[in-house]
Each structure stands twice: as structure tokens, then as C-alpha cells.
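# Descriptive analysis of the structure
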Amino acid sequence: MGAPVAKGQPLIALRDVRKCYNIGQPNEAEVLHGLSLQVDSGEFVALIGPSGSGKSTLLNIVGLLERMTSGGYTIQGEEVQALDDTALTLRRRSTLGFVFQFHHLLPAFTALENVTMPFLIRAGHVTGKDNEHARGLLDAVGLSKAMDKRPFELSGGMQQRVAIARALVLDPPLVLADEPTGNLDTASSDEVFVLLRRMHAERGTSFVVVTHDPRLAARCDRVVELVDGLIARDEPVAPPAAEISHPRTGSSPAP
Amino acid sequence: MGYWLGFEVRVAVRFLREGRLQTVLIMVGVAAGVAVIAYISALVTGLQENTFNKTLGGQPHVVLRPLDDVVVAAGAAEPGAQRLTDTQPRAQRLRSVGNWQSVLPLLERMPEVAAVSPMVGGGGLALRGEATQSIALAGVDLDRYDRVVRLREKVVAGVASLAPGEAIIGTELASDLGVRPGDRMTLLTGTVSETVRVTALVDLGVRELNRRTVIVPLRLAQSLFSLPGGVTNIDMTMVDVWGAKQFATQLRAQYPYQVESWQETNAQLVSALNAQSVSTGLIRAIVLVVVVLGIASVLVVSVVQKRREIGILRAMGATRGQMVRVFLVQGGIVGAVGSLIGLVLALLMIWLFTMFVRGSDGAPLFRIVLPLALAVQTALVATVCGVLAAIAPARRAASMDPAQAIRI
């Protein structure tokens, strides 16, 4: 298990990214003003900043959900700017997992079906092995009893854990989380964050987590702060915080 | 490719199940539309068949006759000379189809022709006691004639037989003359009179025909009309009824005879049938358009409602094409299931019609059935229309920006 990428290899690299909305219209607005960012495999990055600083836009660009206006973007060494929509989608399928703040699950499907959905999308069917794999993940996130429940039967924290299992099911090297604890109470929010750290430690998956919560940011390995569409701060978090966040694993703190 | 459309079908089915009320409503709409289309088609087909059999049942599809006698104008006029003529049309005497014995096998061998029957036809009188009726005499070979107009099916009394000295007559004529099968009557033409024994009464479906028709053996008619060895016309039925007109045109061009198809003799019937077909087609087209619009509007709403799900699926790696197909499959499923229900409804309506709409004699007015081919065709068209109706909503779904869809 775990992403087969060696630790410390550059995973994604953004160069001089600009993003304009409503180009050519009176309400044209540049949200990102030419920022560069590199995330290496095995990193656990917090992306913080005030509202309107461009965090979500940046995350969407990293997640290939939105195209940048200008700049360069390589994923595992491949330049993705020139790819067409289908190629981007396939790239997204193989490289990226998503955990969103709201509306994260498909209400028409059970928890297990939500987790196996990426298999269904990829192959048109779900094999017994796929189902086993998904059950294992749901087990790992502590939902062995809720597999056949529909999202509306689950609490917010449980839904978010299903979403985490789903983001990890195809073993992507990078998971992007947009305010994963944003609408949870403190206890559930803690639970979910600990789970993210555990998955990071156990599977070696890289995480980029957008958050408002300074407490959570302090428990990541690296903090990138966005202010007005530019990176204002990009620094590793002091080791003690990292140790608190995953005391059981004993993995080495981030550089 | 064993799992082709696996993702699309599963998600489409789940989406449809989730929006249960919408799905049920639109399927009922499709079912009603398909039921109307299938029922109207079956009804009109039955009606036309009925009209057709009633009017054409006693008629040949194509009739071949000798050319009319014409007065040939005198030699060509000198150039520059004016000529005043007044030509009196000639009285048409009864004439035989020239060379009919050699034409007959020729016609029989043509692939378009189902049956050929030579006939001697003309007017005369039927006498019995004090009663006199003017009649239309037809001298035929019974077996051949039966193949053209199915005479034996129309017998209502007696047994059809045309041995020398025997005759088959219409039912009205029989009651006018007080004749029953086995009785004798006298036939009279301009020159000759003969006594015949009536073997059977036939109902040709039209009162006027039943009042006039007397069918006798060919030879008897030949002698009655002083046409030894001749026939006045050759009747034909076609393999393809609607091909009669073209066949007649073709024969006219090839042979020096008058050839007339049933379409030319029954021009009004043809235009009535055509008008009926056109109206049916129009109704079907309009219903189909309504069905398509219904499916499309429900799917458009569904796309808007499912924006988040579409965004999530796209983020998980579903391509634009996959999302398009999810909605096309939904349209197809709605069309297919709706049309199946619609066909069942149509069968029910047809059953009700045959059960409760009856003629004065208590028998069903006419037979209507839903032909399998029509049912399959209607279902297929509805399904294809469902898919077509889904195109616009599906493209909308695919063009949705996943980032924006998720943010909402």
C-alpha cells in the first residue's frame, strides 16, 4: 500500500501562476498574481490565509478543476498545461484525491458505493477485490458498521471520514482537502484531522489541506500562507507540533 | 468492453431512482404518449383495412380491357389548309380482348401478379315469374375468379359451383326475385335467353352489387353475349396492392389495351385513405414532439439539481463524455420503460375498444390489433427520442465547470 513515489521527490510544481476571472469584462479580477509553489511527495502542507486570498482557487488549479490564466504546472515531471479536458480528467483520476468541506458524498449511493465510485468511473465495474479494498479503508477510518448507510444517515464527521476513504481508494500520491473540518464540531474536527495524519503516516500520501483553523495548521508539517494572491509565508512547522499530531507513529518530522 | 457503460448505467439508474417522483411523472408522460401513438396507429390500420376490404374485396386490383373503338380522322390536312370536322364518337359495342389466350399466361408469369381471371361481362335481365330485374352478368372460371375476389368466402347460402347451366347471384337480387339456392331463373340478353339454376347466394359487401350481380360460367356468358371464345376483360390481383397503379401504367405502355388500376377507379377512396394516413402521421409527430420536450425539460431540471453530484463525479475523474452519457442513458431508460408501459396501455385500450364498441349486430365494428412490428417500432422510436431529448441537458451537464459546481 501507499503511493510508490519516493519521499522527497517533487510531486507538483507551480510556476508563476496567474488567475484572472471575467477576462475582458468590466469586473475583471486577478485572484492569483504569479505565485510559485512546489510540493514534494510525502509532505503534509497546510494552506492558510484570509478569505478571498485565493486559497480555494489555488487548490482548484492544483486539483486540475480549473485552468490557470498563465503560468506553468508540472505533475510528477509532466507539464499539464497543454493537456485537453479528457487528459486532465484522466490525470486527476490517477494522481489526485479530493476531500471537500460540503456536499462531499453522493447522496444517492451508500457509503461503500461512494468509496468504490472511483473504481466504477475508471473501469465501468467494481470487482470483488475493489470492494475488499474499500471495506478495508472504511474499516481503517472506523466505519465498519456504516458501510451500507446512505450519507444522510451519517453524522458530519462520519461523512467526512467516508470522503477521506474515497479520496484514498485509488492510492493517489496527492490528496487535496478544502476545509475538511470546516463544518464539524471541535471533537469531530479533531478526529478527522488525526485520521488525515494517520493516513499520511501509514500510506505516505501527500496532503495539501486548506484550513482556517490555526490550531490545525500548527499540526501540519509545513504552512503556506496566502495573502492577496501571493505567498506571504512558506515555512516548516516546529517539530513539537508535528509530534503531538501523530504521537503513535513516531515518523520523522518534516524537514 | 464487457463493462461498456457500466458507470453510466449505474449512476443513471441511481439518479432516476433518487428523483422518484420526477421519474414516475415523466415515465407516465412517455407511456401516455406511446399509448396514444400505438393505439391510433392500430385503430387507423384496422379502419383502413376494413374500408379496404369492404370496397376492394369484390374488385380486382387491375382490369385489362380492349381499347375503345374510335373514329380515325381522315388523312392529314394539306399544309396551309383549314379543315372543319365534327366527329361523332362511336357507340362502344362489346368486344373481346384481342389475343387474350396468349396474353393470359404472359400476365400469369409476371411476379407482381397474384391471380388472373378472364371474364365476359355485360348487362342483361333476370326473369322469374312476373319479376324482372336488370343485372350485371359476369361469365368467369370459378376457380380463377375466386382467387381474384375470394368469391367463396362471400357465399352466404348454398355451395358455390359453376357447372354448365349454373349461376351464383347476389343476396339482394335473390330476395327481389324470390330465389333460393337450387331454384331456376331465366337470363336474358339482347339476343339470347338461357335458364340457369342458382347454386349459391353471395354478399359482396355493397348493396348495389348484391342487387345486380349474376355470375355464370364463362361459356354461358360467351353465348349470351355472342362472343364465342372471347372475353371482355381480364381481372388481376396484385401481390402488392399499392403497386397496382404503377403496374397498370407499365402494362399500358407495353400492350395495346386499356388497363385500369383500383387506385384510378377509386380515386376518392385513395385520397380519403391518404388524408387519414397524413392526419395519423401528424398526430404521431406532435405527440412525439411533446414526449421529447417532456423528457428534455425534466432532464434539464435534473441537471440543475445534480450540479454538485456532477462536480463531485468530475473531481473523482469522470470525463465529460461519461457525464454526457449518464444523462443520455437516463433519457434512454425513461423512453424505454415509458414505452413499454405505454404499449401495455395501448393493448388495454384496444381490448376495451373491441369489448365495448360494437356495431348494431353486436359484433365488433372491425378488428384492431397491435402488430408486433408496430409495437417494436414505436418502442424503439420512443427510446431513441428519449436519448435525443437528453442531448441538450447532457451537454449542459458536461459543460459545467466542476470547480464551480462543487463550490455551490
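Residues numbered from 1 in each chain as written. Chains lettered and ligands numbered in written order. Predicted model: local features only at pLDDT ≥ 70, side-chain atom pairs only at ≥ 80, totals over all residues.

## Description of the overall build of chain B
- Of the regular secondary structure elements, chain B holds 15 helices and 10 strands.
- Along the longest, intermediate and shortest principal axes, the C-alpha atoms of chain B span 105 × 70 × 40 Å.
- Looking at chain B as a whole, 39% of its 408 residues qualify as buried.
- Pairs at least 24 apart in sequence give 80% of the contacts found in chain B among residues at least 6 apart. (Helix = DSSP H or I, 4+ residues; strand = E, 2+ residues; numbered from the N terminus. Buried ≥ 20, exposed ≤ 12 C-beta atoms within 10 Å, placed from the backbone. Contact = placed C-beta atoms within 7 Å.)

## Things to note about the overall build of chain A
- Scanning chain A for helices and strands turns up eight helices and 10 strands.
- A compact globule built from 255 residues would reach a C-alpha radius of gyration of about 18 Å, and chain A, at 18 Å, matches this within 12%.
- Dimensions of chain A along its principal axes, counting C-alpha atoms only, are 50 × 45 × 35 Å.
- Counting across all 255 residues of chain A, residues that qualify as buried make up 45%.
- Once local pairs closer than 6 in sequence are excluded, the contacts in chain A between residues at least 24 apart make up 69%. (Rg over C-alpha atoms; globule rule 2.2 N^0.38 Å.)

## Re the nonpolar core
- Ranked by size, the top nonpolar core spans 122 residues in total, and within it V45(A), L47(A), V208(A), V209(A), A38(B) and I295(B) carry the most contacts.
- With 11 residues, the top contributor of residues to this core is helix α2 (residues 20–56) of chain B.
- Setting aside residues no more than four positions away along its own chain, I295(B) makes contact with I26(B), V30(B), G331(B), V334(B), G335(B), G386(B), A389(B) and A390(B).
- Ranked by size, the runner-up nonpolar core spans 54 residues in total, among them I169(B), L187(B), L201(B) and L224(B). (Core = buried A, V, L, I, M, F, W, Y, C linked by C-beta atoms within 7 Å.)

## Observations concerning the sheet that holds strand β2 (residues 29–40) of chain A
All names here are of chain A.
- Taken in spatial order, the four strands make up an open sheet running β2-β1-β4-β5, and their pairing is antiparallel. The open sheet is flanked by β2 and β5 (78–79), the only strands paired with a single partner.
- Here strand β1 (residues 10–21) runs beside β2; their pairing, made up of nine bridges, is antiparallel. When the bridges of β2 are listed, Y21 appears paired with A29.
- Together, β1 and β2 form the strand contacts of helix α1 (residues 55–62), whose direction differs from that of β1 by roughly 125°. (Pairing = 2+ DSSP bridges. Axes fitted to C-alpha atoms, helices over the stretch in contact; angles between N-to-C directions.)

## Points about the pairing of strand β10 (residues 230–236) of chain A
Residues and elements named next belong to chain A.
- One ladder, built from six bridges, connects strand β9 (residues 222–227) with β10; its direction is antiparallel. Its bridge partner lying in β10, V224 is registered against D234.
- Once β9 ends, the chain turns through two residues before running back antiparallel as β10, passing D228 with a positive phi of about 50°.

## Observations regarding the interface of chain A and chain B
- Contacts between the two partners involve 23 residues from chain A, matched on the other side by 22 residues from chain B.
- Residue assignment for the side of chain A that touches chain B shows that the elements contributing at least two residues are α2 (85–95) and α3 (111–123) of chain A.
- Examining the composition of the side of chain A that touches chain B, we find that six residues originate from one element, α3(A), more than from any other.

## A few points about the sheet that holds β10(A)
All names here are of chain A.
- The sheet built from six strands is open, its strands ordered β6-β7-β8-β3-β9-β10 with mixed pairing. Unpaired on one side and paired on the other, β6 (96–99) and β10 mark the two borders of the sheet. Recorded for the sheet is a direction-independent mean angle of 15° between the axes of neighbouring strands.
- This element, α1, spans β3 (44–48), β7 (174–178), β8 (206–210) and β9 of the sheet and lies at about 150° to β8.

## Points about helix α4 (residues 142–149) of chain B
All names here are of chain B.
- Burial in α4 covers these residues: L142, Y145, V148 and V149. End-on view of α4: buried residues confined to an arc of 125°, all on one side of the axis.
- Among the structural elements, β2 (113–128), β3 (131–140) and β9 (233–238) are those in contact with the buried residues of α4.
- Looking one or two residues past α4, R150 carries a phi angle of roughly 50°, positive in sign. (Arc of directions from axis to C-beta.)

## Describing the domain arrangement of chain B
- Assigned domains of chain B: these are domain 1 (6–55 + 270–407) and domain 2 (63–68 + 93–264).
- Relative placement of domain 1 of chain B and domain 2 of chain B: their C-alpha centres are 51 Å apart. (Domains from an automatic or database assignment.)

## A few points about the environment of I350(B)
Residues and elements named next belong to chain B.
- Tracing the chain through its elements places I350 in helix α12 (residues 320–356).
- I350 sits in the partly exposed class, given 19 other C-beta atoms within 10 Å.
- In this structure, the C-alpha to C-alpha distance between I350 and V289, residues 61 residues apart in sequence, is 24 Å.

## Some thoughts on the confidence of the model for chain B
- Residues at a pLDDT of 70 or more form 97% of chain B, whose mean pLDDT is 87.
- With a pTM of 0.74, the predicted complex shows an ipTM of 0.85. (pLDDT = per-residue confidence, 0-100.)

## A short note on the environment of G170(B)
All names here are of chain B.
- Its place among the elements puts G170 in strand β5 (residues 166–170).
- Through-space distance from the C-alpha of G170 to that of V206 is 9.9 Å; in sequence the pair is 36 residues apart.
- When neighbours within four sequence positions are excluded, G170 is seen to be in contact with V202, L204, L209, N210, R211, R212 and T213.

## What to know about the packing of α12(B) against helix α13 (residues 372–389) of chain B
All names here are of chain B.
- At their nearest, the axes of α12 and α13 sit 7 Å apart, and the two run at 150° to each other. Regarding the angle of α12 to α13, the classification is roughly antiparallel. Crossing of α12 against α13: the hand is right-handed. Residues L328, G331, G332, V334, G335, A336, G338, S339, L340 and L343 of α12 form the contact with α13, whose participating residues are A375, T378, A379, A382, T383, C385, G386, V387 and A389. (Parallel < 35°, antiparallel > 145°, perpendicular 65-115°, else oblique. Left-handed = near helix turned anticlockwise from the far one by under 90°.)

## Quick notes on the confidence of the model for chain A
Residue and element names in this part refer to chain A.
- Mean pLDDT over chain A: 85, with 90% of residues reaching 70 or higher.
- Confidence drops under a pLDDT of 50 for residues 1–5, and excluding neighbours within four residues, the segment shows 13 contacts in the predicted structure.
- When the criterion is pLDDT under 50, residues 247–255 qualifies, and its contacts beyond four places in sequence or with other chains add up to 14 contacts.

## Examining the packing of helix α10 (residues 267–305) of chain B against α13(B)
Residues and elements named next belong to chain B.
- α13 packs onto α10 with a crossing angle of 40° between their chain directions and a minimal axis gap of 8 Å. The angle between α10 and α13 places the two elements in the oblique class. In this structure, α10 crosses over α13, and the sense of that crossing is right-handed. Taking contact as the criterion, the partners of L288, V291, V292, I295, A296 and L299 in α10 are, on α13, A382, C385, G386, L388 and A389.
- For the contact of α10 with α13, the class distribution of residues is 10 nonpolar, one polar and no charged. (Nonpolar A, V, L, I, M, F, W, Y, C, P; charged D, E, K, R; others polar.)

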